[in-house]
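Summary of the model geometry
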Amino acid sequence: GPEDSATVVPGVSFVGANQPLGTLSVTPLSPIGGGNLAGPPRVLHLQNIYAFDDDLYYDRGKHGLKFGVLINRYDQAVTAPVWSLGAVSYGSFTGFLKGIPDFYRAATPGSDCNRFFVYNTLGFYAQDDWRLTPRLTLNLGLRYEFATTPREMNGKEYAIRNHGLDPAPTHGPVMLNKTFYNFSPRLGFAWDVFGDAKTSIHGGTGMYYDLGAYGNALTWNAIATPPLSSSSLANNVSAQAVVPFPFTFSPAQIGASIGGPDYNVTQ
């Protein structure tokens, strides 16, 4: 099938002799080739989640107490050779026939696109359904849920912490962890207005946080975060000479295209 196939065309490999054809795009036709779409090398994004949760309920007098815990362990293996076979795009069929593309791109030689990230999420809550009077019940609760900072098990983690200011990426966590302040108070009530169980008023308010899976953000760290990975890009080349195969890049274009999660992202 197409997922297991890769096209080798002598003389037109984008990145080196006897390599499968990368992604070839000609507007308005559909892209062809292997590249980041199909065939080896494979893009792998494997996420295993191990979960534990438990709840405890306890009634004592006027108090209905609830306690609980939820713990998730995330193991995320990423292999992202997205640009390893290269890609070239022609803005028109005429440009394709002349061999003059809009841009061409390939992974910077030596890029390491393998990562293994781990992190945990931990949630705890306590709630008291307090039957203050036979007609009035208060719901008082607090949840605290946070994530540990994602870490790459082999130390392959870098981040640009201040965009436009840092001269180079910094070795360390790929993002700043802002989840340690995720305190979520809840307050509610139920009032039997006339004491005849026919008319009641309910209300409640609270703060809520949703811890998301980092998923694709960590994948981009493997694709294009220096000094371990990046892609070289020749852009707006329509006025230049016919593109050579395999690709060549000027010194200014080597490692010119980078990406990754925002270090100061709000989680």
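In what follows, the structure referred to is the one given above.
Numbering of residues starts from 1 in every chain and runs along the sequence as written. The predicted nature of this model means local features are confined to residues of pLDDT at least 70 and side-chain atom pairs, given and counted, to a pLDDT of 80 or more, with totals for whole chains, interfaces and linings taken over all residues. Processing note: side-chain calculations cover all non-hydrogen atoms of the structure and skip hydrogens and water entirely.

A word on helix α2 (residues 216-224)
Exposure categories follow from relative accessible area, calculated using a 1.4 Å probe and restricted to protein chains: below 20% of the type maximum is buried, above 50% is exposed, and the middle band is partly exposed. Each helix is a run of H or I in the DSSP string that is no shorter than four residues. Each strand is a run of E no shorter than two, and both are numbered from the N terminus. Within α2, burial applies to Leu218, Thr219, Asn221, Ala222, Ile223 and Ala224. Two residues form a contact once any of their heavy atoms are found within 4.5 Å. The elements touched by buried residues of α2 are β2 (44-60), β3 (63-79), β6 (114-133) and β9 (158-159).

Quick look at the sheet that holds strand β4 (residues 87-90)
DSSP bridges decide pairing: two strands pair if at least two such bridges lie between them. The four strands are arranged β1-β4-β5-β13 in an open sheet whose pairing can be described as mixed. Taken across any chain shown, the strands that pair with only one partner, and hence form the sheet edges, are β1 (23-26) and β13 (231-235). Across this sheet, the average inter-strand angle for adjacent strands is 10°, counted without regard to direction. Note that β4 and strand β5 (residues 103-107) share three bridges and pair antiparallel. By the bridge assignment, Val88 is partnered in β5 with Tyr104. As a rule, the C-alpha atoms of each element are fitted with a line to give its axis, helices using only the stretch in contact, and angles between N-to-C directions run from 0 to 180 degrees.

Section: a nonpolar patch on the surface
Two joining distances apply to patches: 9 Å for like charges and 5 Å for nonpolar side chains (Val, Leu, Ile, Met, Phe, Trp, Tyr), and every residue must have over 30% relative accessible area and no salt bridge. Under the convention used here, a 1.4 Å probe and the Shrake-Rupley method define accessible areas, while residue burial counts only the protein chains that appear. Salt bridges are identified by distance alone: a Lys or Arg side-chain nitrogen within 4 Å of an Asp or Glu carboxyl oxygen. On the surface, Leu29, Phe93, Phe96 and Leu97 cluster together into a nonpolar patch covering about 410 Å² of accessible area. Mapped onto the fold, Phe96 is located in helix α1 (residues 93-98). Phe96 gets classed as partly exposed once you look at its relative accessible area, which sits at 31%.

Observations concerning unusual backbone geometry
Note the cis peptide between Thr27 and Pro28, where omega equals 10°. Position of Pro28 relative to the elements: it lies in the loop between β1 and β2. Residue Ala197 is not a glycine yet carries a positive backbone phi of 60°.

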